[in-house]
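The lines below spell out each chain.
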Amino acid sequence: MDQALQEAGGSGERKNSVLEGLYDVSRETRQQAPDGASRDLGIIANGQLALHYWITAFGTNRAYAEQLGLSGIGQAMQTSLDEAKAANERHNEIAATIMGA
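Keep in mind the model is a prediction, meaning the values are calculated, not measured. Along each chain, the written sequence defines residue order, and numbers are assigned to residues from 1. Totals for whole chains, interfaces and linings use every residue, but because this is a predicted model, local features are given only for residues with pLDDT of at least 70 and side-chain atom pairs only at 80 or more, for both listing and counting. Heavy atoms throughout the structure, all of them, feed into the side-chain values; hydrogens and water do not.

Asks: If you had to explain the nonpolar core to someone new, which residues and values would you point to?
Replies: In this text, buried Ala, Val, Leu, Ile, Met, Phe, Trp, Tyr and Cys residues form a nonpolar core when linked through side-chain atoms within 4.5 Å. Burial here depends on accessible area, computed with a 1.4 Å probe over protein chains only, as a share of the maximum for the residue type. Under 20% is buried, over 50% is exposed, and the range in between is partly exposed. Formed by L51, I55, F58, A65, I73, M77, L81 and A84, the largest nonpolar core amounts to 8 residues. Helix and strand definitions follow DSSP, with helices as H or I runs of at least four residues and strands as E runs of at least two, each counted in order from the N terminus. Mapped by element, the contributors of at least two residues to this core are helix 3 (36-67) and helix 4 (71-98).

Below you can see the structure in the form of structure tokens.
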């Protein structure tokens, strides 16, 4: 995202309150979990919330870049989108293993 912002002429690092909020929820989940499996499943679920945020961000930015003719940025966003989707699927697999499915 930083590289895409720079290539599009933007600058400056910004605080991401959405991701900070997700981290806070994850920390609370870990602290309040009654057992290890619940803690691990909570960590996975909160990780997926962050991944879904990134999936949305990458997909939206890819579409904007393509509309603006910034094909390099669009390709980079697609690569990141594919990676985030694959990570989300891996989280599903890990959760299923923990739950014994």
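Asks: So what's going on with the pattern of salt bridges? Residues and values would help.
Replies: One side-chain nitrogen of Lys or Arg within 4 Å of one carboxyl oxygen of Asp or Glu is enough to make a salt bridge. Taken as a whole and assessed by the stated rule, the structure comprises 5 salt bridges. Notably, a salt bridge pairs D24 with R27, separated by 2.5 Å at the nearest N-O pair. A residue pair is termed a helical-turn pair when its members lie 3 or 4 positions apart in one helix, as D24 and R27 do in helix 2 (residues 17-32) at 3 residues. Here D24 falls in the partly exposed class, since its relative accessible area comes to 34%. A salt bridge links R39 to D40; its shortest N-O distance comes to 2.9 Å.

Asks: Give me helix 2: which residues, what numbers.
Replies: Along its 16 residues, helix 2 runs 22 Å from first to last C-alpha, staying within 8% of the 22 Å computed at 1.5 Å per residue. A distance of 3.1 Å separates the backbone nitrogen of V18 from a side-chain oxygen at the start of helix 2, and that oxygen is part of N16. An expected span of 1.5 Å times one less than the residue number is assigned to each helix. Between N or O atoms, a polar contact is any pair within 3.5 Å; within protein, one atom must be a potential hydrogen donor and the other a potential acceptor, and residues adjacent in sequence are included only when both atoms are from side chains.

Asks: If you had to explain the environment of N92 to someone new, which residues and values would you point to?
Replies: In this structure, N92 sits in helix 4. For N92, a relative accessible area of 33% gives the class partly exposed. Linking N92 and Q48, residues 44 residues apart in sequence, is a C-alpha distance of 8.7 Å.

Asks: I'd like a description of the packing of helix 3 against helix 4, backed by residues and values.
Replies: Between two packed helices, what matters for the description is the angle formed by their axes and the separation of those axes. It is the contact of helix 3 with helix 4, at a shortest axis distance of 8 Å, that shows an interaxial angle of 160°. Considering the angle they form, helix 3 stands roughly antiparallel to helix 4. For helix 3 against helix 4, the interelement crossing comes out left-handed. Geometry is summarised by axes, namely lines fitted to C-alpha atoms with helices restricted to the contacting stretch, and by angles between N-to-C directions that run from 0 to 180 degrees. Reported orientations rely on four angle classes, namely roughly parallel under 35 degrees, roughly antiparallel over 145, roughly perpendicular from 65 to 115, and oblique for the rest. Crossings are classed by handedness, with left-handed meaning an anticlockwise turn of the near helix from the far one by less than a right angle and right-handed meaning a clockwise turn.

Purely geometric numbers; function is a separate question.
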